[in-house]
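Geometric and topological summary
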Amino acid sequence: QVQLVESGGGQVQAGGSLRLSCVSSGTRFSFSNMAWYRQAPGKQRDMVARILSNGRTDYADSVKGRFTITRPGLKNTVHLQMNSLKPEDTAVYYCNGALDRVGSIWGQGTQVTVSS
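This text gives an overview of the structure that appears in the document. Since we're looking at a predicted model, the values are computed, not measured.

The rules behind each value
Residues numbered from 1 in each chain as written. Predicted model: local features only at pLDDT ≥ 70, side-chain atom pairs only at ≥ 80, totals over all residues. Heavy atoms only, no water. Helix = DSSP H or I, 4+ residues; strand = E, 2+ residues; numbered from the N terminus. Buried < 20%, exposed > 50% of the residue type's maximum accessible area, 1.4 Å probe, protein only. Contact = heavy atoms within 4.5 Å. Polar contact = N/O pair within 3.5 Å; in protein donor to acceptor, adjacent residues only side chain to side chain. Core = buried A, V, L, I, M, F, W, Y, C linked by side-chain atoms within 4.5 Å.

To continue, consider the environment of Tyr 93. Its location among the elements puts Tyr 93 in strand S9 (residues 91–99). Given a relative accessible area of 0%, Tyr 93 falls into the buried group. Sequence separation between Tyr 93 and Leu 74 is 19 residues; the distance between their C-alpha atoms is 21 Å. Beyond its immediate stretch of four places on either side in the chain, Tyr 93 contacts Glu 6, Leu 20, Trp 36, Tyr 37, Arg 38, Val 48, Phe 67, Leu 80, Met 82, Gly 109, Thr 110 and Val 112. Within the structure, Tyr 93 has its side chain in polar contact with the backbone oxygen of Asp 89 (distance 2.6 Å).

The following block contains the structure:
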């Protein structure tokens with residue numbers, strides 16, 4: 001069974017930093033695209049950042065210049081460096097990967113709480 005497992009969430013004060021990590025298991029194949037999403041209470045799940053199979057990255061406007069997504073060697077591990085965190089960044093953050101012949105895989109989520 002293919003799984004994605006996130007780590008690195010926690011509580012931090014506004015202006016602080018956190019680094020999320022996501023590792024996969026259960027497959028020897030490479031994900032094509034990998035991304036981070038987040039969902040705040042009562043809101044829909046939105047994409048935060050993604051990295052395509054060619055290394056290109058895209059970011060939500062709300063996090064541009066503060067967050068950086070990386071995927072070492074374009075393998076099945078992805079990180080999200082979050083700097084200058086704001087209370088509105090508080091959410092559950094989910095890792096997502098697209099795997100050929102399997103489809104979209106989601107992690108279980110990790111809570112990020114930013115206090116003012």
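After that view, the rundown keeps rolling.
Counting 27 residues, the largest nonpolar core has Trp 36, Val 48, Phe 67, Val 78, Leu 80, Met 82 and Tyr 93 as its most contacted members. Breaking this core down by element, the ones donating at least two residues are strand S3 (18–25), strand S4 (34–39), strand S5 (46–51), strand S7 (67–70), strand S8 (77–82), S9 and strand S11 (110–115). Discounting chain neighbours no more than four positions away, the residues touching Val 78 are Leu 20, Ser 21, Cys 22, Met 34, Trp 36, Ile 51, Ile 69, Thr 70, Arg 71 and Cys 95.

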